[in-house]
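Architecture at a glance
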Amino acid sequence: MDIITTHIGADFDSLAAMVAAKRLYPTAELVFPGAQEKSVRDYLAQEFRNIYAFKKIKHIDLQRVTRLIVVDTRQPSRLGGLVPCLDNPHLVLHLYDHHPDAPGDLKGAVEEIHPYGSTTTLFVRLFQERSIIPSREEATLMALGIYEDTGSFLYSSTCPEDLSAAAWLLGQGANLDIVTQFVSRELSADQINLISRLQQHAQSYVIRGVTVVISILTEEEYIDDFAVVVQRLMIMENIDALFALISMGERTYLIARSRIPEINVGTVAREFGGGGHASAAAATIRDLTIAEAEEQLVGFLHDHIRPKAVAAEMMSSPAITVTPDVSIDQANRLMTRYNVTVLPVVRAHVTQENGPVPVGLLGMISRMVAEKAIFHKLGSLPVADYMTTEIAALPISGTLADVQRLIVENRQRMIPVVRGEQIVGVITRTDLIGLLVNDPGHLPANLLRSDERPSVERTRNLGGVMAQVLPREIIVLLREIGESAARLGCNAYVAGGFVRDLLLHVKNTDIDIVIEGDGIRFAKYLADKHRGIVHPHEKFGTATVIFPDQMRIDVATARLEYYEHPAAKPTVELSSIKLDLYRRDFTINAMAIHLNPDRFGALVDYFNCQNDLKERRIQVLHNLSFVEDPTRIFRAIRFEGRLDFTITRHTEKLIKNTVQMNLFDRFEEPRFFHELKLILAENDPAPALKRMATFKLFPFLWPDLRPNLRIDRRFLHYLTQANQAIAWFRLLYLADPVETWMVYLLAIFSRSRTKELVNFCHRFDLAPKQRKKLIQQKTAAEKIALDMYKRPYLKPSEIYWLLIDLLPEGWLYLMTIARKRYIQQAVSLYVTQLRTVKPLVTGNELKSLGYTPGPQFRTIRNHLIEHQLDGVITTHQQAIAFIRKTYPVAPAAS
C-alpha cells in the first residue's frame, strides 16, 4: 500500500502538495497524520470537491504500508500517527520538501528537495516537466499553498520560481477569489498596536447567560480598515461576540461581530441607525459621547440577547420509553397512545420516589420501523431486534448548536436528554422547528456576512469531479440524457454505485439512469435518437438501452418498492427520486446526480450518505432492510471487502437478527446465488467468506459441506492456492476465458464429495450448463490429481493426454488441490506449451502419402503428437519417416 502524507498541523502548502502528489501517485491513499489548521479544515468543508479521497489513520492497516510519500517535511517526529510505518520492513520513502536540511531528517529512495518558498512550487515544476495539467480546483488549491507559504510573495524566502509557478497556475484557471478568502492578510505595525490597545480596554459582560466583550477607544484621526482589526482581535482571542466603540473626531463608530446564534449584531446595530447581518454589523453614532454610547449599547444588549436555549428548556418531559424486551406490537400501541413517532429504548425502569425513572439508553424504535415490522408479521419480536442503536444523547446543559448538529446535520429525529444514566426528557425535530420558526434570529443561514461566505456557494455540483474522473464520451452521453429528459418534460438522474464511485474518484461506466416520469418511454426515445436497441421490462418500469457501439445503460422509472412478506420480490409503484433512493440497499448507494441542463451535476443526497462515504462505513437506510431482502447481507459483505469499508455495529446487529430468523429458505435461490457468485468473482473472496462465517451463514450456504461448517486452516489453504493459481493464469494473458468464481467454489468443495456439490447446484437452481461444468471439472481434476500423485515422473505426452479434456477452470482447480509442486509444474507445462503442439504432418500430406481419411488418420496424428511431445520427433522429415515405418501403406490391389 502507498500512502501520501505530510506533517501534523497541516497548512495549505502541505495540503496542496499532498493533492499534487496524488497526480504523480494515482493509486496512493491520502492520509493526514494528525489535525489540520482551522483554515485548512474550513477549506476542506467549503471548497474541496473530493473530501472522500482522504482516509483516516484508523482506516489504514499501517503494517501494509510499503511506500510512504512525505511532502513538506522530512522530520519523523512530525508524522504523528504514521510514525509506526517507518519501522515497516522494506519501506520505501519518497520525500518532497522545501525546508533546509536539519538533524534527524529522513532519507528517501526518491528525494526532491529545493529551497523554494513553498513545496507546492516544487510540484508545479514537476507538473510542467511531465506535461501534467491540473484541474481548476487543483490549480486554485496549489496557488493557495504558494500564496500562504510565501506571505503573498512578501516573505524573504520567496524565490522567482514561486512567482513563476503562481503565474502558471493562474493560466490553468486558479481562482484568486478563493485564494483571497483563505489567505490571511498581514497586519501593519499600526494595526498591531491598535489590537493591543483594544485588548487593554476590553471588558467582558455576562448578559442573560451570554458572554459579550465590549472595547472602547478614542482616536484623534480616522483609521482605515478598523473592521479588519476588530475581526482579527475576535479570532486571536476566540471571542464569541465583540462590540468595538471607537471615537474618531466628532463621530463614534460601532463595529460588531458575533459567531453565536444568541446574539444578532445586526439587530443591535439597527438600534443606532446602522445595520448588517446576524454575524457582522456596523453603525455611525451621532449626538452621543462614547460613554453614553456604551451605556445605551449595554441596555440594547439586555433587550436583544436571548437566553441560551439549552436542552433542559427545550425538552419534553417525562420521556415515554420502553425496555428492550417489549414487543414491537406493544411499542407501536404506545406510540399511538401518546401520539409520538419515536420511542427511546432503555435498559430498565428504576423505581424512585417520584415513580419509575428510565435509565441506560440503548437505542430507539420508530413508528415507521414498527409498522413495517408488523406488516411483515414480526410484531411479536422484541424491539431490541430492530431498534436503532447508533443514537446520540445530550446532557441537560446541551446548547442549541448541539441540538441543531444532531437533528439537522446528523439527521437524528429525536434526541434523548440525560442526567447521568437517567433519561429525563426528549427533544424532537418538531421542538427545534418550532423554535427556529418562532425566532428567525436563530436560523443558521444568517450567521455569515456576505464577504465571509465562500466565494463559490456549496451547491455540491460535481461537474468538476466528473470532468476529472470520467471519459469525455461518458460526460457527453450524460448531458445528452439530461437534454432528452428536458425535451420530454421529465427529470433524469444518474444514481447508485456510479455516484458512489465518482465521489471516491473511481472510474465506473456502469450507468443507471432514474427518470421521474415514464422511464420506458424515455428509453425508447433515447434509443431512437442514437439508433440503438431497447429492451423494456414493463412490470418493473425499467429498460436497457444498447447503443450501436454496444455501450449499455439501464433506465428505471423512479419507483417505490414494498414487500408483501419477508424475502419476497418487491412490488413496484411510481414514485419520486427521494423515495427511489430510500429503497436502495445502503446509504453509500443512495445518492444521485441531476442530469437536466439547468441543474447538471448537482448532487442529490437526502440521507447524509456523504458522511458514511467519508467515514467509509456500510449502513442500511432502515432497520428492516435485510428482512425485506436478505440478499443485501451478501452485498454488504461484498462492498465491505471491495471498498475496504466497515459494516457499522448497528448494521451488523440487523444482519445477525435476520440470520436468526432463518429467512433464507423463503426466497428464490437464483437471486441469492447471483450475490454469492459476485462475491466469489472478487479478486480475493477470502475476507468476504470469513465475514460470512462470522455471521453464521455457512449452514445456509452449504449445510453438508465437508468436513465442517467453519473456516479452518485447510479451508484457507485451498482458497489461497486458488487465488495464486488465478493470479498466475492472468499473468499469462491468454485468450482462454475463465470463470474465476467456479474455481473458488470448487476450492470450497474440494474436501466434499461430488454429491455435496450436486446438492448445492440443486439448492440454488444453477443453470444446467453451469451445473454440468462444475461437476465434470471437479470429478476429472480430482481423478487426475490422484493419478499424478501416484506417478511423479510423467512424460510430456502422458501429461498431455491426462489434461486434454479439462477446461481452464479444471486446470486451475487442479493446481489448487495439487499436493505436490510437480503437479502444478505439469499443469503449467501443459497450459503454456504442450496443448498448443500440432502434428508436423497435416491431413492433406497424409492423403498425398496414400493414406485414406478415416479413423486411422486420428491414430496416426495422435501417435505423432506423442513422439513430438516427448522429443523423439523434432523435424518434418523425421515425422514422415516415422509414419511410413510405423503405418506402412497397403499395396494397391492388382
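None of the values given here were measured: they were computed from a predicted structure.

Residue placement: Arg 64 occurs in the loop between strand 3 (54-55) and strand 4 (67-71). The class for Arg 64 is partly exposed, based on a relative accessible area of 48%. In sequence terms Arg 64 and Met 1 are 63 residues apart; their C-alpha atoms lie 5.8 Å from each other.

Packing of helix 1 (residues 12-24) against helix 4 (residues 136-149) brings their axes to within 8 Å, and their N-to-C directions diverge by 145 degrees. As for the relative orientation of helix 1 and helix 4, their crossing is left-handed in sense. Counting all contacts with helix 1, which are made through Phe 12, Asp 13, Leu 15, Ala 16, Val 19, Ala 20 and Arg 23, the residues of helix 4 involved are Glu 138, Leu 141, Met 142, Leu 144, Gly 145, Glu 148 and Asp 149.

We now examine helix 33 (residues 808-817). Judged by how many residues are buried, helix 33 sits mostly within the fold: 10 of 10 residues are covered. Residues Pro 808, Glu 809, Gly 810, Trp 811, Leu 812, Tyr 813, Leu 814, Met 815, Thr 816 and Ile 817 constitute the buried set of helix 33. Against helix 28 (713-731), helix 29 (740-748), helix 31 (768-790), helix 32 (796-803) and helix 34 (821-832) lie the buried residues of helix 33.

Strand pairing in a sheet relies on backbone hydrogen bonds. The paired strands run either parallel or antiparallel. Strand order in the open sheet made by the 7 strands is 20-21-22-19-18-25-26, with mixed pairing throughout. The open sheet is flanked by strand 20 (533-537) and strand 26 (603-604), the only strands paired with a single partner. Running over the sheet, helix 17 (residues 472-487) touches strand 18 (491-495), strand 19 (511-516) and strand 22 (552-557) and is turned about 15 degrees from strand 19. Relative to strand 22, helix 19 (residues 519-529) is tilted by about 150 degrees, and along the sheet it contacts strand 19, strand 20, strand 21 (542-546) and strand 22.

Turning to the sheet that holds strand 3, a few remarks are in order. Across the sheet, 6 strands lie side by side as 3-2-1-4-5-6; this open sheet has parallel pairing. Looking along the sheet, the strands with just one partner apiece sit at the ends: strand 3 and strand 6 (110-113). Pairing geometry for strand 1 (residues 2-5) and strand 4, over 4 bridges, is parallel. Counterpart to Ile 3 in the pairing with strand 4 is Leu 68.

Core analysis: the largest hydrophobic core is formed by 149 residues, its most contacted members being Leu 478 and Trp 702. The element contributing the most residues to this core is helix 29, with 8 residues. In contact with Leu 478, not counting residues within four places along its chain, are Met 466, Leu 470, Val 494, Phe 498, Ile 511, Ile 513, Leu 595 and Phe 600. Core analysis: the second largest hydrophobic core is formed by 46 residues, Phe 12, Tyr 96, Tyr 116 and Val 183 among them.

To continue, consider helix 30 (residues 754-763). Residues separated by three or four positions in an α-helix point in the same direction, a consequence of the helix having 3.6 residues per turn. Within the sequence span of helix 30, burial applies to Glu 756, Leu 757, Phe 760 and Cys 761. Buried residues along helix 30 cover an arc of 140 degrees about the axis, so they all sit on one side. Among the residues trailing helix 30, Asp 765 stands out with phi positive, at a value near 50 degrees.

Quick look at the pattern of salt bridges now. Taken as a whole and assessed by the stated rule, the structure comprises 32 salt bridges. A salt bridge links Lys 55 to Glu 29; the shortest N-O distance between them is 3.4 Å. Within this pair, whereas Lys 55 is found in strand 3, its partner Glu 29 is found in strand 2 (residues 29-31), the two being separated by 26 residues in sequence. Residue classification places Lys 55 among the buried residues on the basis of a relative accessible area of 5%. Between Glu 421 and Arg 347 there is a salt bridge, with its nearest N and O atoms 2.8 Å apart.

Thresholds, definitions, all that
- Residues numbered from 1 in each chain as written.
- Predicted model: local features only at pLDDT ≥ 70, side-chain atom pairs only at ≥ 80, totals over all residues.
- Heavy atoms only, no water.
- Helix = DSSP H or I, 4+ residues; strand = E, 2+ residues; numbered from the N terminus.
- Buried < 20%, exposed > 50% of the residue type's maximum accessible area, 1.4 Å probe, protein only.
- Axes fitted to C-alpha atoms, helices over the stretch in contact; angles between N-to-C directions.
- Left-handed = near helix turned anticlockwise from the far one by under 90°.
- Contact = heavy atoms within 4.5 Å.
- Pairing = 2+ DSSP bridges.
- Core = buried A, V, L, I, M, F, W, Y, C linked by side-chain atoms within 4.5 Å.
- Arc of directions from axis to C-beta.
- Salt bridge = Lys/Arg side-chain N within 4 Å of Asp/Glu carboxyl O.

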